[in-house]
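What follows is the residue order along each chain.
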Amino acid sequence: NRMNTLRKELALKKIEKERLQKEQEREMKELLEKQNVELEAKVKERTLQLEEKNRIVEQDREIIRHERQKSDDLLLNILPNSIADRLKEGNEMIADHFDEVSVFFADLVGFTQLSKAMRPSELVNLLNKIFSEFDKTADKYGIEKIKTIGDAYMCVSGLPIADKDHASKMAHFALEILDVLKRFEPELGEHKCAVRIGVHCGPVVAGVIGKRKFAYDLWGDTVNLASRLESHGVPMRVQCSENFAQALGAEFKLETRGEVALKGAGTHTTYFLEKAEPVAT
């Protein structure tokens, strides 16, 4: 009997031990499952935080990219592409010599009287329309606009990339500018406004100098003479120098004006550029 009792006690202890082991295993499993749930929740929360942070970082990068693009577009609107690239690379001063380019000056004749007859806002709006058409025409012929000064417009052909056809392109451009202004006659009504043009070709130095409000500009006697040809010109005619006339091909007609005294530049033989002759086929 004692042996049977001992066996029963051992069996009960074994059962209790197994029960305790199962209970421990269950509790451990529940604890691990709870920890896993909490860990997954933390991982999910951290992932969402990182995703939000990455979204904000990417958003900031996009804003920076957009602002940089705006800055680049503005720079390219002010300067030729190649010059803008050199400035972004760190060049502090740019001064390039060109053996021969064609320089163009135009001035609106009658603009002073027009300014007295129109409100300032109307006047500026009209000037913007006219010069915007000049800009479109310049783009058409690969002409580089330099600047506007009041009611004067300056541009150049043959830079910043040298072009052997600079004179021909400038001639086509200058003649088309006359047609551009004629298209504004209905808008001007009784107010008369014409354009006076001067063109010369020769060597120049072109570049960007200074630290603030910089702009691409030209220097040299070629620029000065082109300006004088404009100021001593005739409304709705393209007055050009002998240098420019010699650089043109046979497709253009030239009317000799004769000797003209140009203030500060001496006496020069000048010509009036006529409409281009159709090319024979």
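Residues numbered from 1 in each chain as written. Predicted model: local features only at pLDDT ≥ 70, side-chain atom pairs only at ≥ 80, totals over all residues. Heavy atoms only, no water.

Student: Got a sec to walk through the overall build of the protein chain? Specific residues and values, please.
Tutor: Secondary structure assignment for the protein chain yields 8 helices and 8 strands. Taken against the 2.2 N^0.38 rule, which gives 19 Å for 281 residues, the C-alpha radius of gyration of the protein chain at 40 Å runs more than 25% over that of a compact globule. Overall, the protein chain is about 150 × 50 × 45 Å in size when its C-alpha atoms are taken along their principal axes. Out of the 281 residues in the protein chain, the part that is buried amounts to 34%. In the protein chain, the proportion of contacts linking residues at least 24 apart, taken out of those at least 6 apart, comes to 68%. Carbon and sulfur atoms make up 52% of the accessible area of the protein chain, which amounts to about 18,200 Å² in all. For the protein chain, the centre of its 44 positive side-chain charges and the centre of its 48 negative side-chain charges are spaced 10 Å apart. (Helix = DSSP H or I, 4+ residues; strand = E, 2+ residues; numbered from the N terminus. Rg over C-alpha atoms; globule rule 2.2 N^0.38 Å. Buried < 20%, exposed > 50% of the residue type's maximum accessible area, 1.4 Å probe, protein only. Contact = heavy atoms within 4.5 Å. Areas by Shrake-Rupley, 256 points an atom, 1.4 Å probe, with all protein chains shown as cover. Lys, Arg positive; Asp, Glu negative; His and termini not counted. Charge placed at Lys NZ, Arg CZ, Asp CG, Glu CD.)

Student: If you had to explain the nonpolar core to someone new, which residues and values would you point to?
Tutor: Phe104, Leu108, Tyr153, Phe173, Ile197, Val199 and Phe244 are the most contacted members of the largest nonpolar core, which totals 41 residues. In terms of residues, this core owes the most to one element, helix α5 (residues 166-182), which gives 10 residues. Every residue in contact with Leu108, bar those within four places of it in the chain, is listed here: Leu127, Ile130, Phe131, Asp151, Leu181, Cys193, Ala194 and Val195. (Core = buried A, V, L, I, M, F, W, Y, C linked by side-chain atoms within 4.5 Å.)

Student: Describe the pattern of salt bridges, listing the residues and the values that go with them.
Tutor: Inspection of the entire model under this criterion finds 18 salt bridges. Among the ionic pairs, Arg119 bridges to Glu122, the shortest N-O distance being 3.1 Å. Take Glu122: its relative accessible area is 31%, and that puts it in the partly exposed class. A cluster of three or more residues bridged by salt bridges with shared partners is formed by Glu23, Arg26 and Glu30. (Salt bridge = Lys/Arg side-chain N within 4 Å of Asp/Glu carboxyl O.)

Student: Which residues make up helix α2 (residues 81-88), and what values go with them?
Tutor: By the burial criterion, the buried members of α2 are Ile83, Ala84 and Leu87. One side of α2 holds all its buried residues, which, seen down the axis, span an arc of 100 degrees. Of the residues one or two after α2, Gly90 is the one with positive phi, at around 110 degrees. (Arc of directions from axis to C-beta.)

Student: Talk me through the side chain of Asp107; I want residue IDs and the actual numbers.
Tutor: Secondary-structure assignment places Asp107 in strand β1 (residues 94-109). Ignoring sequence-local partners within four residues, the contact set of Asp107 consists of Asp151, Ala152, Ala194, Val195, Arg196 and Glu230.

Student: Describe in detail the packing of helix α4 (residues 120-141) against α5, supporting the description with residues and values.
Tutor: The geometry of α4 relative to α5 is characterised by a closest axis approach of 10 Å and an angle of 150 degrees between their N-to-C directions. By the angle between their directions, the pair α4 and α5 is classed as roughly antiparallel. In this structure, α4 crosses over α5, and the sense of that crossing is right-handed. Between α4 and α5, the contacting residues are Ile130, Glu133, Phe134, Thr137, Ala138, Lys140 and Tyr141 on the first element and Lys169, His172, Phe173, Glu176, Ile177, Val180 and Leu181 on the second. A breakdown of the residues in the contact of α4 with α5 according to their chemical character gives 8 nonpolar, 2 polar and 4 charged. (Axes fitted to C-alpha atoms, helices over the stretch in contact; angles between N-to-C directions. Parallel < 35°, antiparallel > 145°, perpendicular 65-115°, else oblique. Left-handed = near helix turned anticlockwise from the far one by under 90°. Nonpolar A, V, L, I, M, F, W, Y, C, P; charged D, E, K, R; others polar.)

Student: Describe the pairing of strand β6 (residues 238-241), with residues and values.
Tutor: The alternating pattern of β6 places Val238 and Cys240 and Gln239 and Ser241 on opposite faces, both of which are buried. Here strand β4 (residues 194-208) runs beside β6; their pairing, made up of 3 bridges, is parallel. Bridging across to β6, Ile197 finds its partner in Val238. In the sheet, β6 pairs with strand β8 (residues 266-273) via 4 bridges, with the strands oriented antiparallel. (Pairing = 2+ DSSP bridges.)

Functional significance is not addressed by these values, which are geometric in nature.
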